[in-house]
Amino acid sequence: RSNNKWENHRDPYYELSKIILTKLERISVSKVLPEYVLKLADLFWSYTKKDDHSFYHTRIEIEQHFGLKNNHSDYHPASAYQTPIYWLLQFHLKETIDFILNFTNKSVQKYASSGFDKSVKKVKLFFDDGDTQEQYISHCLWNMYRGTGSPVSPYLLQSIHMALEKYFLEIGGNIESEILENWLICLLKNSESASISSVVTSIVLAYPDKTFNVAKVLFKTKEFIFNDTTRSISEQGAKSLY
């Protein structure tokens, strides 16, 4: 289906594809055919502008600013279980990490260039080996994995980030410090979005004794400290209301 670019509801196997990307049946498919599930996800989730010669144009939703289709109803409410990503991370970690990074980079590049969020800016990360990496950051991007922030990010991206956080929170206590740090540094080095760095920050806060070398990288970018402090204060204020 991904090779044929069948993505509309009248195309063959549309309902089957939707089941794979949104229903519990995706678990077994993700385990056996991860490459095809990821290709299907990229096809179904990425927005492609159609030639439209009519005089009617729909309102642009937040998804389109990220280069995504308007599928907010499919993944609402956002959670780690809403997409196949959580299960793919368990069965095929490297391939899924690569997909998350590439998909997020593409989406956030589109968001930054859209001009929709004027607060988006670039920050630089500095690594112990001398490498650097630039990332886009804003209130919206940093809070993506929490499902908060302003403007509110697409439920699809929220769910992907929640799945990534959940996976590393679950395995973080059971793997060696060096392995955990290597994965987190990999995420930081290959992401162009601070939304991934905020997930890494969450893992570092959960396992500070295992992630000292990752924390050193995060502390070198003051915008990370400011944004996560703001997030924490905001969430504490929300809790006090209830």
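Each chain has its residues counted from 1, running along the sequence as written. Where local features are concerned, this predicted model is filtered to residues with pLDDT of at least 70; where side-chain atom pairs are given and counted, the filter is 80 or more; whole-chain, interface and lining totals use all residues. Heavy atoms throughout the structure, all of them, feed into the side-chain values; hydrogens and water do not.

Novice: Just checking my understanding: could you explain the overall build of the protein for this structure?
Specialist: Note on conventions: DSSP H or I runs of at least 4 residues are helices, E runs of at least 2 residues are strands, and numbering of each starts at the N terminus. A tally of regular secondary structure across the protein gives 12 helices and two strands. Considering the protein as a whole, with its 242 residues, one finds that 48% of them fall into the buried category. Contact criterion: two residues are considered in contact whenever any of their non-hydrogen atoms come within 4.5 Å of each other. In the protein, 69% of the contacts between residues at least 6 apart in sequence involve partners at least 24 apart. Buried means the residue's accessible area, taken with a 1.4 Å probe over protein chains only, is under 20% of the maximum for its type, while exposed means over 50%, and partly exposed covers the values in between.

Novice: Any chance you could explain the packing of aromatic side chains here in plain terms?
Specialist: Geometry of an aromatic ring pair is reported as the spacing of the ring centres plus the angle between the planes. The pairing test for Phe, Tyr and Trp rings, Trp by its six-membered ring, is centres within 6.5 Å, and the orientation test on the planes gives stacked under 30 degrees, edge-to-face over 60, and tilted for anything in between. Inspection of every chain in the model, using the stated rule, returns 11 aromatic pairs. Taking the centre distance of 6.0 Å and the plane angle of 90° together, the rings of Trp 45 and Tyr 75 count as edge-to-face. One end of the pair, Trp 45, is in helix α3 (residues 34–45); the other, Tyr 75, is in the loop between α4 (62–65) and α5 (85–91), and 30 residues separate them in sequence. Per residue, the accessibility class of Trp 45 equals that of Tyr 75, and both read buried.

Novice: Help me out: how do you make sense of the nonpolar core in this one?
Specialist: Here is a general trend for soluble globular proteins: nonpolar side chains tend to be buried in one another's company. Counting residues in each nonpolar core, the largest one holds 63 residues, and the members touching the most others are Trp 45, Phe 66, Ile 85, Leu 164, Phe 168, Leu 187 and Leu 188. Discounting residues that sit within four places of it in the chain, Leu 164 has contacts with Leu 89, Ile 97, Ile 100, Leu 187, Ile 196 and Val 199. Nonpolar core, defined: a set of buried Ala, Val, Leu, Ile, Met, Phe, Trp, Tyr and Cys residues in which side-chain atoms within 4.5 Å join the residues together.

Novice: Help me out: how do you make sense of unusual backbone geometry in this one?
Specialist: Working note: non-glycine residues mostly have negative phi, and peptide bonds are mostly trans. With an omega of 0°, the peptide bond between His 76 and Pro 77 qualifies as cis. With respect to the helices, strands and loops of the structure, Pro 77 is situated in the loop between α4 and α5. For the bond running from Ser 150 to Pro 151, omega is -5°, close enough to zero to count as cis. With respect to the helices and strands, the residue Pro 151 is situated in the loop between α7 (139–142) and α8 (155–171).

Novice: Help me understand α3, please; the structure alone is not making it clear to me.
Specialist: Within an α-helix, residues lying three or four positions from one another point in the same direction, as the helix has 3.6 residues per turn. Its 12 residues place the ends of α3 16 Å apart at the C-alpha level, agreeing with the 16 Å of an ideal helix rising 1.5 Å per residue. All of the buried residues along α3 are Pro 34, Val 37, Leu 38, Leu 40, Ala 41, Leu 43, Phe 44 and Trp 45. Here a helix's expected span is defined as the number of its residues, less one, multiplied by 1.5 Å.

Novice: Help me understand the packing of α8 against helix α10 (residues 194–206), please; the structure alone is not making it clear to me.
Specialist: Between two packed helices, both the angle of their axes relative to each other and the distance between the axes serve to describe the pair. Here an angle of 0 to 180 degrees is reported between the N-to-C directions of two axes, which are lines fitted to C-alpha atoms, with helices fitted over the stretch in contact. One can describe the packing of α8 onto α10 by two numbers: an axis separation of 10 Å at closest approach and a directional angle of 25°. When the axes of α8 and α10 are compared, the pair comes out roughly parallel. Like other packed secondary-structure pairs, α8 and α10 cross with a definite hand, here right-handed. Seen from α8, the contacting residues are His 161, Leu 164, Glu 165, Phe 168 and Leu 169; seen from α10, they are Ser 195, Ile 196, Val 199, Ser 202, Ile 203 and Ala 206. Under the scheme applied here, ten amino acids are nonpolar (Ala, Val, Leu, Ile, Met, Phe, Trp, Tyr, Cys and Pro), four are charged (Asp, Glu, Lys and Arg), and all others, including Gly, are polar. The residue inventory of the contact of α8 with α10, partitioned by class, reads seven nonpolar, three polar and one charged. Should an angle fall under 35 degrees it is taken as roughly parallel, and over 145 as roughly antiparallel, whereas 65 to 115 is taken as roughly perpendicular and any remaining angle as oblique. Two helices cross in a left-handed way if the nearer one is turned anticlockwise from the farther one by less than a right angle. They cross in a right-handed way if the turn is clockwise.

Novice: I tried to follow the confidence of the model for the protein on my own but got confused; where do I start?
Specialist: Do not read the predicted coordinates in detail wherever pLDDT is low. pLDDT runs from 0 to 100 and stands for how confident the predictor is about each residue. Looking at the protein, the pLDDT average stands at 88 and 82% of residues meet or exceed 70. The low-confidence segment residues 53–57 (pLDDT under 50) makes one contact with residues lying over four places distant or belonging to another chain.

Novice: Explain the side chain of Asp 117 here, please?
Specialist: Among the secondary structure elements, Asp 117 is positioned in the loop between α6 (93–114) and β1 (121–126). By the counting rule applied here, Lys and Arg register as positive and Asp and Glu as negative, while His and the ends of each chain are not counted. Basic side-chain nitrogens of Lys or Arg form a salt bridge, by our definition, when they fall within 4 Å of a carboxyl oxygen of Asp or Glu. Of the side chains bearing the opposite charge, Lys 118 lies closest to the buried Asp 117, which forms no salt bridge; the N-O distance is 8.9 Å. Residues adjacent in sequence count toward polar contacts only when both atoms are side-chain atoms; beyond that, a polar contact is any pair of N or O atoms within 3.5 Å, and within protein one must be able to donate a hydrogen and the other to accept it. A distance of 2.6 Å separates polar atoms of two side chains, one belonging to Asp 117 and the other to Ser 119. Only 3.3 Å separates the side chain of Asp 117 from the side chain of Ser 138, close enough to count as a polar contact. When sequence neighbours within four positions are dropped, the list of residues in contact with Asp 117 reads Tyr 111, Ser 138, Cys 140 and Pro 151.

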